[in-house]
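Chain by chain, the residues run as shown.
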Amino acid sequence: MKQLIQSFKTGELGLFDVPAPICQDNGALVQTTVSLVSAGTEKMLVDFAKKSMLAKAKDRPDLVKQVIDKMKKEGVKNTLEKVFTKLDTPIPLGYSLAGRVLEVGANMSGVNVGDRVACGGAGYANHAEINYVPKNLMVKIPDGVDDVDASFVTVGAIALQGVRQTEPKLGERVAVMGLGLLGQLTVQLLKANGCKVIGSDVDPDKIELAKKLGADEACHAGELISKAAEFSNGHGVDAVIIAASTSSNQPVIDAAEISRMRGRVVFVGMVGMDIPRNDYYKKEIDLRLSMAYGPGRYDPEYEEKGNDYPYDLVRWTEQRNFEAFLGLIEEGKITPKDLITHSYDFDDAMTAYDLLEGKIKEKYLGIVLNYKSEINLAEHKVVQRSDKAVTSDKINVGLIGAGNFTKSVILPNMQKVGDYELVGLCTATGVSAEGTGKKYDFKYITTDSDEVFKNSEINSVFVTTQHNDHASKVIKAMENAKHCFVEKPLCIYEEELEDIKAAYDGKSILQVGFNRRFAPMIEKMKAKLNGQVSINYRVNAGIIPKDVWIQDRTIGGGRIIGEVCHFIDTCSYLIGSDVVSVYATTVQKADQSIPDEDNVNITLNYANGSSATIGYYAYGGSAMPKEYIEVFGNGVSMQMTDFRELVVYQGSKTDKSKSANQDKGFVNEFKAFKTSVQSGTPAISFESIYNTTKTTFKILESIRSGQVVFVDSK
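Below is a short write-up of the structure. (Residues numbered from 1 in each chain as written. Predicted model: local features only at pLDDT ≥ 70, side-chain atom pairs only at ≥ 80, totals over all residues. Heavy atoms only, no water.)

**What about the overall build of the protein chain?**
Here is step 1 of the chain: The helix and strand inventory of the protein chain stands at 23 helices and 32 strands.
Here is step 2 of the chain: For 714 residues, the compact-globule formula gives about 27 Å, and the C-alpha radius of gyration of the protein chain, at 29 Å, lands near that figure.
Here is step 3 of the chain: Principal-axis analysis of the C-alpha atoms gives the protein chain an extent of 90 × 60 × 45 Å.
Here is step 4 of the chain: Across the 714 residues in the protein chain, those meeting the buried criterion constitute 55%.
Here is step 5 of the chain: In the protein chain, the share of contacts with a sequence separation of at least 24, taken over all contacts with a separation of at least 6, comes to 69%.
Here is step 6 of the chain: About 29800 Å² of surface is accessible on the protein chain, with carbon and sulfur atoms providing 51% of the total.
Here is step 7 of the chain: A distance of 5 Å separates the average location of the 83 positive side-chain charges in the protein chain from that of its 93 negative side-chain charges. (Helix = DSSP H or I, 4+ residues; strand = E, 2+ residues; numbered from the N terminus. Rg over C-alpha atoms; globule rule 2.2 N^0.38 Å. Buried < 20%, exposed > 50% of the residue type's maximum accessible area, 1.4 Å probe, protein only. Contact = heavy atoms within 4.5 Å. Areas by Shrake-Rupley, 256 points an atom, 1.4 Å probe, with all protein chains shown as cover. Lys, Arg positive; Asp, Glu negative; His and termini not counted. Charge placed at Lys NZ, Arg CZ, Asp CG, Glu CD.)

**Here we look at empty space enclosed by the protein**
Here is step 1 of the chain: Tallying each qualifying case throughout the model produces 2 cavities of 30 Å³ or more.
Here is step 2 of the chain: Estimated volume of the second largest cavity: approximately 40 Å³.
Here is step 3 of the chain: Together, Met478, Tyr504, Asp505, Gly506, Lys507, Ser508, Ile509 and Leu510 line the second largest cavity.
Here is step 4 of the chain: Grouping the constituent residues of the lining of the second largest cavity by class yields 4 nonpolar, 2 polar and 2 charged. (1 Å grid on protein atoms, 1.4 Å probe; cavity = no way out; pocket = protein on both sides within 12 Å on 5 of 7 lines; lining within 4 Å. Points joined across faces, edges and corners; volume = space filled by probe spheres on them. Nonpolar A, V, L, I, M, F, W, Y, C, P; charged D, E, K, R; others polar.)

**With respect to the side chain of lysine 674**
Here is step 1 of the chain: Its location among the elements puts lysine 674 in helix H22 (residues 666-679).
Here is step 2 of the chain: Those residues in contact with lysine 674, other than ones at most four positions away along the chain, are Ile395, Val417, Gly418, Asp419 and Tyr420.

**Description of unusual backbone geometry**
Here is step 1 of the chain: Here the bond from lysine 488 into proline 489 is cis, since omega is -5°, no more than 30 degrees from zero.
Here is step 2 of the chain: Within the secondary structure, proline 489 is located in the loop between strand S22 (483-486) and helix H19 (494-503).
Here is step 3 of the chain: The phi dihedral of alanine 481 is positive, around 55°, even though this residue is not glycine.
Here is step 4 of the chain: Positionally, alanine 481 belongs in the loop between helix H18 (470-479) and S22.

**Observations regarding the nonpolar core**
Here is step 1 of the chain: One finds Leu490, Ile500 and Ile535 to be the most contacted residues of the largest nonpolar core, which totals 75 residues.
Here is step 2 of the chain: Sorting elements by how many residues they give to this core places helix H21 (residues 559-575) first, with 10 residues.
Here is step 3 of the chain: The residues contacting isoleucine 500, other than those within four sequence positions of it, are Ala471, Val474, Ile475, Met478, Leu490, Cys491, Leu510 and Phe686.
Here is step 4 of the chain: Counting residues in each nonpolar core, the second largest holds 52 residues, with Val155, Ile158, Val176 and Ile329 among its members. (Core = buried A, V, L, I, M, F, W, Y, C linked by side-chain atoms within 4.5 Å.)

**A word on the pattern of salt bridges**
Here is step 1 of the chain: A complete count under the given rule lists 42 salt bridges for this structure.
Here is step 2 of the chain: The residue lysine 388 makes a salt bridge to glutamate 421 at a minimum N-O spacing of 3.0 Å. Here glutamate 421 lies in strand S19 (residues 420-426) and lysine 388 lies in the loop between strand S17 (382-384) and strand S18 (395-400), a separation of 33 residues in the sequence. Assigned by exposure class, lysine 388 and glutamate 421 land together as buried.
Here is step 3 of the chain: The partner of glutamate 563 in a salt bridge is lysine 626, and the shortest N-O contact between them spans 2.8 Å. Taken together, the positions of glutamate 563 in helix H21 and lysine 626 in the loop between strand S27 (611-617) and strand S28 (627-633) put the pair 63 residues apart, joining distant regions of the chain.
Here is step 4 of the chain: A relative accessible area of 12% means that glutamate 563 is categorised as buried.
Here is step 5 of the chain: By relative accessible area, lysine 626 is classed as partly exposed at 23%. (Salt bridge = Lys/Arg side-chain N within 4 Å of Asp/Glu carboxyl O.)

**Thoughts on the sheet that holds S19**
Here is step 1 of the chain: Read across the open sheet, the 7 strands follow the order S17-S20-S19-S18-S21-S22-S23; overall the sheet is mixed. The strands lining the two open edges of the sheet, one partner per strand, are S17 and strand S23 (510-512). The average angle at which neighbouring strand axes cross in this sheet is 20°, direction not considered. (Pairing = 2+ DSSP bridges. Axes fitted to C-alpha atoms, helices over the stretch in contact; angles between N-to-C directions.)

**Let's talk about the sheet that holds strand S4 (residues 90-92)**
Here is step 1 of the chain: One open sheet accounts for 3 strands, arranged S2-S1-S4; its pairing is antiparallel. Each edge of the open sheet carries a strand with a single partner, namely strand S2 (13-17) and S4. Ignoring which end each strand starts from, the neighbouring axes of this sheet average 45° apart.
Here is step 2 of the chain: Alignment of strand S1 (residues 2-7) against S2, held across 5 bridges, turns out to be antiparallel.

**A word on helix H8 (residues 204-212)**
Here is step 1 of the chain: Among all positions in H8, only Ile207, Leu209 and Ala210 are buried. Each buried residue of H8 sits inside an arc of 165° when the element is viewed along its axis, so together they form one side.
Here is step 2 of the chain: Where H8 is buried, its residues meet helix H7 (181-192), strand S10 (196-201) and strand S11 (217-220).
Here is step 3 of the chain: Count one or two residues on from H8 and you reach glycine 214, which has phi positive near 120°. (Arc of directions from axis to C-beta.)

**Section: the pairing of S19**
Here is step 1 of the chain: Within S19, 7 of the 7 residues are buried, which leaves the element mostly enclosed by the surrounding structure.
Here is step 2 of the chain: Where S18 and S19 come together, 6 bridges link them in parallel fashion. Residue pairing for S19: valine 397 is matched across the bridge by leucine 422.
Here is step 3 of the chain: What joins S18 to S19 is helix H15 (residues 404-417), and the crossover it makes is right-handed.
Here is step 4 of the chain: Direction of pairing for S19 relative to strand S20 (residues 444-446): parallel, over a ladder of 3 bridges. Across the sheet, cysteine 426 pairs through a bridge with threonine 446, a residue of S20.
Here is step 5 of the chain: Handedness of the S19-helix H16 (residues 430-440)-S20 crossover: right-handed. (Right-handed = clockwise from strand over helix to strand, strands pointing away.)

Here it is, written out as structure tokens:
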């Protein structure tokens, strides 16, 4: 299928062949019939992407600071590699469409295959022939509304939410500043609400259109102050909705000037917000912001997982705003078609963006893209990118998952090792597959993991998806006689661990991404140890918000399962033995005595009599290095700081070594996997992987019970 994609790094824009997305449980696959090009929002994105690196940096000083801080911790080279990888991420364009349901997820209800639906949401309602859309970001289209009008649903909801924030009353006089798509729809919504409306803009055509669509008065922005005084009989307008898009601060200044005492000013468009305090203070003006389509926006629980807000407590969510907007179209109170200036076939979408970029010298307002009527989903699961020859003497990789870590760490370091042939790439969305597939020259891209497992050219599967998906993919790789590298953790439930153990026959290599044991400084420490060892491992982990997926027990497994496994494996590697018992304590939240698993002290006892303590803390200062290890044993004491500095004390001698850049062992990790596949001998024994993973579950058990818990690795 085709999708409109832009490179964030270069600004290159084009229609690309990508595999159709998979249908997830909490949504549906939708075949697009019409999508709306949002002239304001999309032009802003396109213009930003086309800026130079310096101009991008000037626009986002907050991100520049983050990069500088990361350079201090990880080194300049490592940081720049990650930054450029992030910039290579392609941008899907579009956020408002109408279409027809092709496939329904397991948790969907009220929508059936073949239903007409209107969909919204950046990253979901894309300019693409097929989209996956979560259930709270779609609504059924009423019979009396056609697909063209329905494709305005997202912009309509934005305008509607701005009106709701204004709380207009029957007969009030309201000014709308900016008469683009948002402004024109806002005028119609206010008229439907029984208000008197004055609009302003700098474009005479938009001023005339507003009058045609019902505005009581419309004028040039430079005349607004005098016209608004007339319009309000000298009292000032009751409310102002700023729907303009400009970096200028003038709309904010003018809004205060035309407002009455105790009026309301609502920001919907992106304008300068240097508030003239005295003007707003003297009138006690109520200043409000409107958040996109309404309540639920930016909340992953609502948008991604489909958890609705209680109807009696949150009457107007973004989905219910969608429904209300379509209802007003059906009643004839809103007429989106009157805003359309250009209509193109989707195959000619680039012409629409030439219009936005000023390459075509025509005025525009509403731009819609029309799609072909039929598409066969089964024919769009795989896109062949090349016919390169694949030989059996290499590590022929099928990669499942291409998130930020995979693109910034795994793939670049795999390339450094060599002898890795990138054959098949499977991701959840076509956008991700296209960008990564092109950069790393994968032979084909897909959204169906079965296309990786059944491919006879692939001998090694790399699993780098979200944690809850690891176990099933590992088992499937073994069932298909593929070697498997899986990012940590191996799994997130103890039952899954036992299933993997039952499936493992030792014929294929299984390696978990415990990279730290392969770090040069850790290997140097290991070489100096023999016999019983004591380790203190302190991790200044930093805060991860509770709404991030890794904190979700059912998806990421939480931080102990998802990250502490790293540090257990490192200790076990240095000690050369398996954990036999654990004891863990956490900070207790004073208000409800719930263990805080983000801050935990762990004691590990080993079969050879060694011991290790892991202190994992989220609430420390970010300036402190993240990882610090002290090791004592065999007449040697060692200190390692963040994989950049190692101090070895042996007898009367002190040996210090430093590295300009962090080396956490990623290159050596992939060298080890390559050697394992070639030799048939695993770099990490399955018994060690099993013991480390089981230990994470026993840590959680110890936290809950307050007791020492034994780890049975038999």
